[in-house]
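If you want the building blocks of each chain, they are given just below.
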Amino acid sequence: MSDQPHPNDVSQEQAEEAVRTLLRWAGEDPAREGLLDTPKRVVKAYRDWFSGYASDPADYLRRTFKEVAGYDEMVVLRDIEFESHCEHHMAPIIGRAHVGYLPTNRVVGISKLARVVDGFARRFQVQEKLTAEIAQCIQETLQPAGVAVVIDASHECMTTRGVHKRGVSMITSQMLGTFRDDARTRAEFLQFIGIHGGSR
Ligand SMILES: Nc1nc2c(ncn2[C@@H]2O[C@H](COP(=O)(O)OP(=O)(O)OP(=O)(O)O)[C@@H](O)[C@H]2O)c(=O)[nH]1
Ligand SMILES: [Zn+2]
């Protein structure tokens, strides 16, 4: 499933020094007054953006509710906004995830699905891997009849640099179980999230 976080033996001071090195490389003087606190701020920001390595997203799904007797239809959480970073350029990936699952006898608190998205998004990612990791985590932990994940995101590595194409978004999907095997279930999910026949 997810990559195991690599043991972190880098100190705060070493991380700040790396930022000073980049500032020098860019032609700046890290001792300039306006930049004095920048390494500390950058490391703090990175702690936030890459906080996913400190969590196992499966843990968010351990608390489930059985008191939903009679409910055996699809649950969909759509438009879960997230921020991630691409592992090629460390540039932001900004987008929305849509997550659906077909509970068997247990449901999970809906905020936990959004926490799973963030747990994987706050790592260095490629969108295909992010999509698959979210789906597999839910499938393995909750063992529902199926899971569907669609992600619609824009990659700043291709909007603010490189090929410079603004307005382009990338759509990926991972369908497991009934969502993969049954076209009607998949179509219902896509209709719920507003993707049907190509228009939103
Ligand atoms: N499939 C996929 N590609 C991605 C993702 N994020 C970034 N990329 C692409 O990864 C590729 C890396 O290509 P390289 O040629 O090694 O890097 P580069 O020279 O910076 O490429 P350009 O972005 O074209 O300037 C680029 O085509 C990016 O658009 C992602 O989530 N999924
Ligand atoms: Zn990139």
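Only a predicted model underlies this, so the values are computations on that prediction, with no experimental measurement involved.

**Q** Which parts of the structure should I look at to understand the coordination of the zinc ion (ligand 2)?
**A** By definition of the ideal shapes, four donors in a tetrahedron about a metal sit 109.5 degrees apart, and six donors in an octahedron sit 90 or 180 degrees apart. Ligation of the zinc ion (ligand 2) by protein atoms is provided by Cys86 (SG), His89 (ND1) and Cys157 (SG), these donors lying 2.0 to 2.3 Å from the ion. Counting gaps between the donor residues of the zinc ion (ligand 2) yields the pattern C-x2-H-x67-C. On the criterion of sequence distance, the pair formed by cysteine 86 in strand E2 (residues 75–86) and cysteine 157 in helix H5 (residues 156–159) is long-range, its members being 71 residues apart.

**Q** Can you help me understand the packing of helix H1 (residues 12–26) against helix H2 (residues 38–49) in this one?
**A** When two helices pack together, their arrangement is given by the angle between the helix axes and by the axis-to-axis distance. Contact pair H1 / H2: the axes reach a minimum separation of 8 Å and the direction vectors enclose 115°. Judged by the inter-axis angle, H1 sits roughly perpendicular to H2. The handedness of the crossing between H1 and H2 comes out as right-handed. When H1 is examined against H2, the residues Gln12, Ala15, Glu16, Val19, Arg20 and Leu23 are found in contact with a partner set consisting of Thr38, Pro39, Lys40, Val42, Val43 and Arg47.

**Q** Whenever I open this one, the pairing of E2 confuses me. Can you help?
**A** Two faces, one strand: in a regular strand the side chains alternate between the faces of the sheet. Direction of pairing for E2 relative to strand E3 (residues 92–102): antiparallel, over a ladder of 9 bridges. Paired with isoleucine 80 across the strands is alanine 97, a residue of E3. Pairing of E2 with strand E5 (residues 124–125), which is carried by 2 bridges, proceeds in the parallel orientation. When the sheet's bridge partners are listed, histidine 85 is paired in E5 with phenylalanine 124.

**Q** Sorry, what's going on with the domain arrangement of the chain here?
**A** It is common to give the size of an interface as the accessible area that goes away when the parts come together. Per the domain assignment, the segments of the chain are domain 1 (12–49) and domain 2 (55–192). Of note, the centres of domain 1 and domain 2, computed from C-alpha atoms alone, are 33 Å apart.

**Q** I keep staring at the pattern of salt bridges and nothing clicks. Help me out?
**A** Once the charged atoms of two side chains with opposite charge are near each other, the side chains can pair. Summed over the entire model, instances satisfying the criterion amount to 9 salt bridges. Residue glutamate 17 pairs with arginine 24 through a salt bridge whose shortest N-O separation is 3.6 Å. Under the relative-accessibility criterion, glutamate 17 is labelled partly exposed at 31%. With a closest N to O distance of 3.7 Å, glutamate 87 and lysine 129 form a salt bridge. Of this pair, glutamate 87 sits in the loop between E2 and E3 while lysine 129 sits in helix H4 (residues 127–142), and the two are 42 residues apart along the sequence.

Cut-offs used in this document
Residues numbered from 1 in each chain as written. Chains lettered and ligands numbered in written order. Predicted model: local features only at pLDDT ≥ 70, side-chain atom pairs only at ≥ 80, totals over all residues. Heavy atoms only, no water. Donors = N, O, S within 2.8 Å, 3.2 Å for Na, K, Ca; no water. Helix = DSSP H or I, 4+ residues; strand = E, 2+ residues; numbered from the N terminus. Axes fitted to C-alpha atoms, helices over the stretch in contact; angles between N-to-C directions. Parallel < 35°, antiparallel > 145°, perpendicular 65-115°, else oblique. Left-handed = near helix turned anticlockwise from the far one by under 90°. Contact = heavy atoms within 4.5 Å. Pairing = 2+ DSSP bridges. Domains from an automatic or database assignment. Salt bridge = Lys/Arg side-chain N within 4 Å of Asp/Glu carboxyl O. Buried < 20%, exposed > 50% of the residue type's maximum accessible area, 1.4 Å probe, protein only.

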